[in-house]
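Residues per chain are reported as follows:
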Amino acid sequence: LGCNEQSTHEYVSKLLGKEAIDTNTYGHSRGRNGSYSTNWQLSGRELLTPDEVRMLDNAYSLLFIRGERPVLDSKYNVLRHPNVSQTTDGGKPPFEHGTDQLSIASITLDPALMADAEEFEVGKHYEILTNEEIEKLIEQLEEKQHEKKSSKH
């Protein structure tokens, strides 16, 4: 956890919850009418007290997963991961979000098709359309052509 804030230690201790402890006590009296007794008692205790949380070894971490019991586990040194060379810590340049990293194809357009594309008013930028979008564009073009024919008559 790496902090010395008491409220954090108390919070983590409460998150961990309690455990049940079985306590047995034995009594034996000697003498003329000696007796022997055994008492069983069930009590609760925090899994880790706030002080135990504070003193937790830095080699360990506490993991909380919704719906599961807390886990105390050894920390993993990510700099020893086999793929660390693919990160900035391993010498790679930082990843730039929003750039195309995975393209595997390019498109070359026929000049005759480019001339026809001007009717769509696409300009210099191209986008991939769904079948529905293409059908809608075709309908719009057909409506424009029908309006042009109607206005000539």
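Residues numbered from 1 in each chain as written. Predicted model: local features only at pLDDT ≥ 70, side-chain atom pairs only at ≥ 80, totals over all residues. Heavy atoms only, no water.

Chemist: Tell me about the overall build of the protein chain, and please be specific about residues and values.
Modeler: Across its full length, the protein chain carries four helices and four strands. Along the protein chain, from the amino end to the carboxyl end, the secondary structure elements read α-β-β-α-β-β-α-α. The long-range share in the protein chain, meaning contacts at least 24 apart out of those at least 6 apart in sequence, stands at 36%. Looking at the protein chain as shown, the accessible area adds up to about 14200 Å², and 51% of this sits on carbon and sulfur atoms. (Helix = DSSP H or I, 4+ residues; strand = E, 2+ residues; numbered from the N terminus. Contact = heavy atoms within 4.5 Å. Areas by Shrake-Rupley, 256 points an atom, 1.4 Å probe, with all protein chains shown as cover.)

Chemist: Quick rundown of the pattern of salt bridges? Include the residues and the values.
Modeler: Counting across every chain of the model gives two salt bridges. With a closest N to O distance of 2.9 Å, E52 and R45 form a salt bridge. Owing to a relative accessible area of 28%, R45 belongs among the partly exposed residues under this scheme. Here D51 makes a salt bridge to R54, at a shortest N to O gap of 2.9 Å. Here R54 and D51 lie together in helix α2 (residues 50–54), a separation of three residues that amounts to about one turn. Overall, the relative accessible area of 43% leaves D51 in the partly exposed class. Judged by relative accessible area, which is 39%, R54 ranks as partly exposed. (Salt bridge = Lys/Arg side-chain N within 4 Å of Asp/Glu carboxyl O. Buried < 20%, exposed > 50% of the residue type's maximum accessible area, 1.4 Å probe, protein only.)

Chemist: Provide a residue-level description of a nonpolar patch on the surface, including the pertinent values.
Modeler: Among the surface-exposed residues, Y11, L15 and F64 lie close enough to one another that they form a single nonpolar patch of about 310 Å² accessible area. Inspection of the secondary structure assignment puts L15 in helix α1 (residues 6–16). (Patch = residues over 30% accessible without salt bridge, like charges linked within 9 Å, V, L, I, M, F, W, Y side chains within 5 Å.)

Chemist: Please provide a residue-by-residue account of the environment of I21, values included.
Modeler: Note on placement: I21 falls in strand β1 (residues 18–29). Sequence-wise, I21 and R45 are 24 residues apart; in three dimensions their C-alpha atoms are separated by 7.1 Å. Setting aside anything within four residues of it in sequence, one finds I21 in contact with Q41, L42, S43 and R45.

Chemist: Any chance you could break down a negative patch on the surface for me, citing the residues and the numbers?
Modeler: Together, E127, E132, E133, E135, E139, E142, E143 and E147 line one region of the surface with negative charge. Relative to the helices and strands, E142 resides in helix α4 (residues 131–152). (Lys, Arg positive; Asp, Glu negative; His and termini not counted. Charge placed at Lys NZ, Arg CZ, Asp CG, Glu CD.)

Chemist: Break down α1 for me, with residues and values.
Modeler: For the α-helix, the turn length of 3.6 residues means that residues three or four positions removed from each other point alike. When α1 is considered as a whole, its buried residues turn out to be H9, V12, S13 and L16. Down the axis of α1, the sector holding all buried residues measures 100°, keeping them to one side. Facing away from the buried surface of α1 by more than 90 degrees, the exposed residues are Y11 and K14. Lining the buried residues of α1 we find β1, β2 (35–46), α2 and β3 (60–63). Looking one or two residues beyond α1, the residue adopting positive phi is G17, at roughly 85°. (Arc of directions from axis to C-beta.)

Chemist: Tell me what's going on with a positive patch on the surface, and back it up with residues and numbers.
Modeler: A cluster of basic residues, K144, K148, K149 and K152, forms a positive patch on the protein surface. Among the structural elements, K144 can be located in helix α4.

Chemist: Can you break down the side chain of S13 residue by residue, with the values?
Modeler: Looking at the secondary structure, you find S13 in helix α1. Taking relative accessible area as the criterion, S13 reaches 4% and is therefore assigned buried. Once residues within four sequence positions are removed from consideration, S13 is found in contact with E46, L48, T49, P50 and V53.

Chemist: Describe the confidence of the model for the protein chain, with residues and values.
Modeler: Scored by pLDDT, the protein chain comes out at a mean of 82, with 86% of its residues at no less than 70. The element-level mean pLDDT for the protein chain is lowest in helix α3 (residues 111–117), coming to 70, with strand β4 (residues 71–74) highest at 90. (pLDDT = per-residue confidence, 0-100.)

Chemist: Explain the pairing of β2 to me, and be specific about the residues and the numbers.
Modeler: The two faces of the sheet receive side chains in turn, since in a regular strand these alternate between them. Relative to β2, β1 runs antiparallel, the two being bridged by twelve bridges. The residue of β2 that forms the bridge with T25 is N39. The turn linking β1 back onto β2 is made up of five residues, and G31 within it adopts a positive phi angle of 130°. (Pairing = 2+ DSSP bridges.)

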